[in-house]
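The chain contents come next:
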Amino acid sequence: MTFTTGAPLLMELGLVESITPDGLRYISRRRDWPFGPDKKHQYGHLGNAKTMDTEVFLEYFRTGPPRGGRGRPPRRS
């Protein structure tokens, strides 16, 4: 999973309303982000892209507070 492939997958699975790869990169700066050199889960590398374990990535969005769609107001019924 990369930031580029992760964004559309999160929307497809309904885990976020909208998000871009840059939005994911922004979220990855949070303290609770599970990937990084000082974290439990390390990034892999494929060319110039950082890769992440898909299940860990998805679990982060399944269990955490709502993320994505920053700046968009919630839909009204």
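A brief report on the enclosed structure follows. (Residues numbered from 1 in each chain as written. Predicted model: local features only at pLDDT ≥ 70, side-chain atom pairs only at ≥ 80, totals over all residues. Heavy atoms only, no water.)

1. Some remarks on the side chain of Ser 28
Right, on to step 1. Within the secondary structure layout, Ser 28 lies in the loop between α2 (21–27) and β1 (44–46).
Right, on to step 2. There is a polar contact of 2.6 Å between the side chain of Ser 28 and the backbone oxygen of Arg 25. (Helix = DSSP H or I, 4+ residues; strand = E, 2+ residues; numbered from the N terminus. Polar contact = N/O pair within 3.5 Å; in protein donor to acceptor, adjacent residues only side chain to side chain.)

2. Thoughts on the pattern of salt bridges
Right, on to step 1. Evaluated as defined, the whole model comprises 4 salt bridges.
Right, on to step 2. Residues Asp 22 and Arg 25 are paired through a salt bridge, measuring 2.8 Å at the closest nitrogen-oxygen approach. With Asp 22 and Arg 25 both in helix α2, this residue pair falls 3 residues apart, about one helical turn.
Right, on to step 3. Classification of Arg 25 as partly exposed rests on a relative accessible area of 32%.
Right, on to step 4. Glu 59 is the partner of Arg 62 in a salt bridge, and the nearest nitrogen-oxygen pair spans 3.9 Å. Remark: Glu 59 and Arg 62 occur in helix α3 (residues 54–63); sequence separation between them is 3 residues, near one turn of the helix.
Right, on to step 5. Given the relative accessible area of 44%, Arg 62 is considered partly exposed. (Salt bridge = Lys/Arg side-chain N within 4 Å of Asp/Glu carboxyl O. Buried < 20%, exposed > 50% of the residue type's maximum accessible area, 1.4 Å probe, protein only.)

3. Overview of the packing of aromatic side chains
Right, on to step 1. Within the structure shown, the criterion is met by 9 aromatic pairs.
Right, on to step 2. The interplanar angle of 85° and the centroid separation of 5.2 Å between the aromatic rings of Tyr 60 and Phe 61 together place this pair among those described as edge-to-face.
Right, on to step 3. Site record: aromatic cluster; members linked through ring pairs are Phe 3, Trp 33, Phe 35, Tyr 43, Phe 57, Tyr 60 and Phe 61.
Right, on to step 4. In this structure, Lys 50 packs its charged tip against the face of Tyr 43, placed 4.7 Å from the ring centre. (Phe/Tyr/Trp six-rings, centres within 6.5 Å; stacked < 30°, edge-to-face > 60°. Lys NZ or Arg CZ within 6 Å of the ring centre and 35° of its normal.)

4. So, α3
Given 3.6 residues per turn, any residue in an α-helix points the same way as the ones three and four places further on.
Right, on to step 1. Buried within α3 are the following residues: Val 56, Phe 57, Leu 58, Tyr 60 and Phe 61.
Right, on to step 2. Packing partners of the buried residues in α3 comprise α1 (3–12) and α2.
Right, on to step 3. The opening residue of α3 is Asp 53, an N-cap whose side-chain oxygen sits 3.1 Å from the backbone nitrogen of Glu 55. (Contact = heavy atoms within 4.5 Å.)

5. Section: the side chain of Thr 51
Right, on to step 1. With respect to the helices, strands and loops of the structure, Thr 51 is situated in strand β2 (residues 49–51).
Right, on to step 2. Not counting chain neighbours up to four residues away, the residues in contact with Thr 51 comprise Met 1, Thr 2, Gln 42, Tyr 43, Gly 44, His 45 and Leu 46.

6. Observations regarding the environment of Gly 64
Right, on to step 1. Assignment of secondary structure puts Gly 64 in the segment after α3.
Right, on to step 2. Placed 32 residues apart in sequence, Gly 64 and Asp 32 show a C-alpha to C-alpha distance of 9.4 Å.

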